[in-house]
Amino acid sequence: MTEAPVLLVTGGSRGIGAAVSLLAASRGWHVAVNYTSNQKAAEEVVAAIEAAGGKGVAIKADLGNAAEIVSMFEVVDKHFGRLDGLVNNAGIVDIPQRIDEMSAERVERMMRINVTGSILCAGEAVRRMSTKHGGRGGAIVNISSMAAKLGSPGQYVDYAASKAAIDTLTIGLAREVATEGIRVNAIRPGVIDTDIHASGGLPDRAREMASSIPMQRPGRAEEVADAVLYLLSPTASYITGAILDVSGGR
Ligand code: NAP
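Rules and cut-offs
Residues numbered from 1 in each chain as written. Predicted model: local features only at pLDDT ≥ 70, side-chain atom pairs only at ≥ 80, totals over all residues. Heavy atoms only, no water. Core = buried A, V, L, I, M, F, W, Y, C linked by side-chain atoms within 4.5 Å. Buried < 20%, exposed > 50% of the residue type's maximum accessible area, 1.4 Å probe, protein only. Helix = DSSP H or I, 4+ residues; strand = E, 2+ residues; numbered from the N terminus. Contact = heavy atoms within 4.5 Å. Pairing = 2+ DSSP bridges. Right-handed = clockwise from strand over helix to strand, strands pointing away.

Peer 1: Could you give an account of the nonpolar core, naming the residues involved and the relevant values?
Peer 2: One finds V20, I187, V228 and L232 to be the most contacted residues of the largest nonpolar core, which totals 32 residues. For this core, the elements supplying multiple residues, two or more each, are β1 (6-9), α1 (15-26), β2 (30-35), α2 (39-51), β5 (138-143) and α9 (221-232). Residues in contact with V228, not counting those within four places in the same chain, are V20, V87, V141, I143 and I187. By size, the runner-up hydrophobic cluster in this structure holds 28 residues, among which are L8, V126, M129 and I140.

Quick look at the structure:
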């Protein structure tokens, strides 16, 4: 078993998750970097962690698949022998559509990955970290979105609803495991300049929205990572059930 604390970052291969993985490694965490399709990106993050003297492992698992989630945690067990933190970061958007255009398949995929995947990952993490199960405690940070508050009308209200579920998961789970050594918090990023906008068919969305953001610019993945690492750290020892907006005032 490794001596260093171990962090699993879902969707750790690109965007916010990659920034969290790299910053965590620089702060002494060993990092399990989950991805689903872009193996090269995940291996690059692990290579950067190891080049800086840290330890990382890339783990392929589709968070829309319950069996793959279980296997992912088993790989973490085998590789590191412990788990101290989970960042529930992996998430998807879809192309802009009104609700009266959305198919059942689209909505089910959105909820399966963004909501069911995050809940199942949190359950696996609690099984390992809770003092009730013989664990040594830990921290969970869920990545929500300002969409949970703003609703994303005309763009993706299904995504916004999936992130509102993440806010509620955070509040309930924080209270459920508060006496078991586990703190659970969330970040609501605003518009962050990552590939996710291109995956929703709007590659320039982050830059185009600058004028609607009080700070007049999109955020950087590293700015979200700083907030995540704060919530994971012992400095945040009395913070649980909190939801922190990292949104440039949006
Ligand atoms: P991104 O650049 O699109 O990266 C997504 C990451 O999630 C990738 O590592 C991807 O893996 C992984 N992923 C996607 N589907 C997955 C699945 N089914 N199973 C496992 N991993 C999967 O996204 P991002 O902008 O960094 O967003 C990260 C989180 O922040 C998401 O939850 C998103 O909703 C939230 N957020 C983002 C923004 C923003 O403006 N960017 C704003 C608010 C909230 P592969 O590399 O293998 O594809």
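Peer 1: Lay out the pairing of β1 with the relevant residues and their values.
Peer 2: Of the two faces of β1, both are covered, the one formed by V6 and L8 as well as the one formed by L7 and V9. One ladder, built from four bridges, connects β1 with β2; its direction is parallel. Bridge pairing in β2 places V6 opposite H30. Chirality of the crossover, the property in question, places the unit of β1, α1 and β2 among those that are right-handed. In this structure, β1 lies alongside strand β4 (residues 85-88), joined through three bridges in parallel fashion. What sits directly across from V9, in β4, is V87.

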